[in-house]
Amino acid sequence: MTSFSVISEDLSKKYSGKTIFAGLNFKLNKGESAVITGRNGSGKSTLMKIISGLISPSTGKMKFIKNEVELEKDFIKTNMGFVSPYLNLYDELTALENLRLFSALKSRSGNYDDEKLKSYLQLVGLYDRRNDEIKAYSSGMKQKLKIAFSLLHEPALLMMDEPRSNLDRDGISIIENIAMKQKENGILIIATNDEDDLKLCDLKINIEDHKK
Amino acid sequence: MKDFINNVRIVFLKDVRSELRTRYVINSLLMFVLVTISIIRFAIGDEKIEDEILTGLLWISIFFSASGGLARTFVKEEEKETSAALKLSASPTEIFAGKLIFNLVLTFILNFLILILFILITEYNIKNPVLFISVLSLGNVGLVAASTIIAAIISKANSKGTLYPVLSFPVLLPLLLTVINATKLASAGINPGEIMGEIQILVSYTVVVITASVLLFPFVWED
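Below is a short write-up of the structure. Everything numeric in this text was worked out from a predicted model, so none of it was measured.

Taken together, Met31, Leu34, Val35 and Ile39 of chain B make up a surface patch of nonpolar side chains, about 380 Å² in accessible area. Mapped onto the secondary structure, leucine 34 of chain B falls in helix H2 (residues 26–44).

This is how it looks when you write it as structure tokens:
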């Protein structure tokens, strides 16, 4: 059975001399989940970006361990799914083309499994609109497509920043089902202040507790 | 290596498809080329202009059309907030190489158009076409290599529009001085051996810029 862990070692981030957070340590193993909370502007998204590798921490390090071996940066990408308000897909491509593009890039072989991609679109309720350019999508539909994007290659680590944004009741139910499944099969990290999301996760990381 | 080539090809094809659907760069560049060439035509009138001056005018057209178009490749990713998805799916070097090839193809098509229009509207006399095209191509590769990394740098800045000419001019100056001289000599029909020095400078410049770009790009792209 594959083991997977995410470890934060003494993370801190400063912007223009101002400390956003410091001394942040946590470890999550497969089957565990964490929620990152804090006021608006407290640094939740910054921490999510650091965990995902989109930006670097000022000090400290993120480690990803798979089967007791630390993964290199390029291999983390295939093991991670990410949904966030500041991550957009290409408006000029269709939903299916977007998933094909990123699936092919993540596989590094240029291949993708079309049936699997279609099943993700079915899961988020966008199958019937799969051949429409996403510039014609509503914000809720775009959010659902981002969720499908985050599921590519069945990530060991799924990160969701404000996942309920713009979603209707069906969309929220999809998110909850995906989160429950991820908790069983991998690691889930959610950045939110939503009470329902707080209940979903085992560990609570309050950014406010890590400000110096 | 095969994985690297696959991802470079995917990034390149993505940019081609996006460009064909949005015409984000092509339309503005075509208009720029037409306006520039028309102005040159009106300015020249019936005067007989020396080939040395025409070479300078040709490179002015090429430089400014490149500055209008090449800067957009990375700016568009940042403005549309699509860079995060790309960062999470491919390595910086793959992204840089894909975009560099896209810019090369775009610039070669554009410069071919500029050259054809230029020859049609002026009496530009190219006495050694093979050498001329070789020098022009080498100059283009250097121009695109430098412009692509500069485009990546300015995409992170607030004042994207004004920064490109400011940053690119000092970086491109050695290339422009060399390539203008080499193009002038090639159009005058000299032997290739006589501009070997210029050709060596153009090749060296391109190799140095691409090497530096590959080393620098991950820092520019990821933070």
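Turning to the interface of chain B and chain A, a few remarks are in order. Contacts between the two partners involve 28 residues from chain B, matched on the other side by 30 residues from chain A. Taking both partners together, chain B and chain A bury about 2,600 Å²; carbon and sulfur atoms supply 54% of that area. Counting the surface chain B buries against chain A, the share from its top three residues, Arg21, Leu88 and Ser89 of chain B, is 25%. At the junction of chain B and chain A, the tally comes to four salt bridges. The partner of lysine 76 of chain B in a salt bridge is glutamate 92 of chain A, with the nearest N and O atoms 3.4 Å apart. Counting every contact that joins chain B to chain A gives 11 residue pairs in polar contact (both at pLDDT 80 or more). Of all the elements in the fold, those that place two or more residues in the side of chain B that touches chain A are helix H1 (2–22), helix H4 (72–79), helix H5 (83–87) and helix H6 (92–121) of chain B. Ranked by the residues each element gives to the side of chain B that touches chain A, the list is headed by H1 of chain B, at 11 residues. Among the residues forming the side of chain B that touches chain A, the class breakdown is nine nonpolar, seven polar and 12 charged.

Residues and elements named next belong to chain B. Turning to its location among the elements, lysine 99 is positioned in helix H6. Each C-alpha atom of the pair lysine 99 and valine 16 lies 9.8 Å from the other, and the pair is 83 residues apart in sequence. Look past the residues within four positions of lysine 99 in its chain and what remains in contact with it is Val11, Lys14, Asp15, Thr73, Phe74, Glu77 and Leu86.

Turning our eyes to something else, we now look at the side chain of serine 168 of chain B. Residue and element names in this part refer to chain B. Structurally, serine 168 can be placed in helix H8 (residues 160–187). For serine 168, a relative accessible area of 0% translates into the label buried. Excluding anything up to four places from it in sequence, serine 168 contacts Phe63 and Ile150.

This next bit is on the sheet that holds strand E2 (residues 18–29) of chain A. Residues and elements named next belong to chain A. Sheet architecture is open: four strands sit in the order E2-E1-E4-E5, paired in antiparallel fashion. Where the open sheet ends on each side, the last strands, each with one partner, are E2 and strand E5 (69–70). Sheet analysis places strand E1 (residues 4–15) next to E2, joined by eight bridges and oriented antiparallel. Opposite leucine 11, over in E2, you have leucine 24 as the bridge partner.

Turning our attention to the side chain of asparagine 128 of chain B. All names here are of chain B. Structurally, the position occupied by asparagine 128 is in the loop between H6 and helix H7 (129–154). Classification of asparagine 128 by relative accessible area gives buried; the value is 17%. Excluding residues that lie within four positions of it along the chain, asparagine 128 makes contacts with Ala186, Ser187, Gly189 and Ile190.

The rules behind each value
Numbers given to residues run from 1 along each chain, matching the order in which its sequence is written. Both sets of labels track the order of writing: A upward for chains, 1 upward for ligands. Given that the model is predicted, a residue must reach a pLDDT of at least 70 before its local features are reported, and side-chain atom pairs must reach 80 or more before they are shown or counted; all residues, however, enter totals for whole chains, interfaces and linings. Hydrogens and water are ignored here; the side-chain numbers use all heavy atoms of the structure. The patch calculation keeps residues exceeding 30% relative accessible area without a salt bridge and links them within 9 Å when they carry like charges or within 5 Å when they are nonpolar (Val, Leu, Ile, Met, Phe, Trp, Tyr). Note on areas: Shrake-Rupley with a 1.4 Å probe; residue coverage comes only from the protein chains shown. Criterion for a salt bridge: a side-chain nitrogen of Lys or Arg within 4 Å of a carboxyl oxygen of Asp or Glu. Numbering of helices and strands starts at the N terminus; helices are DSSP runs of H or I of at least 4 residues and strands are runs of E of at least 2. We call two residues contacting when some pair of their heavy atoms lies within 4.5 Å. The term buried area denotes the loss of accessible surface (1.4 Å probe radius) that occurs when two parts are joined, taken as the sum for both partners. Under the rule applied, a polar contact is a pair of N or O atoms within 3.5 Å (in protein, one hydrogen donor and one hydrogen acceptor; residues adjacent in sequence only if both atoms are side-chain atoms). Polar here means any residue outside two lists: the nonpolar Ala, Val, Leu, Ile, Met, Phe, Trp, Tyr, Cys and Pro, and the charged Asp, Glu, Lys and Arg; Gly therefore counts as polar. Only protein chains enter the area calculation, which uses a 1.4 Å probe; residues under 20% of their type maximum are buried, those over 50% are exposed, and those in between are partly exposed. Only strands joined by at least two bridges in the DSSP assignment are considered to pair.

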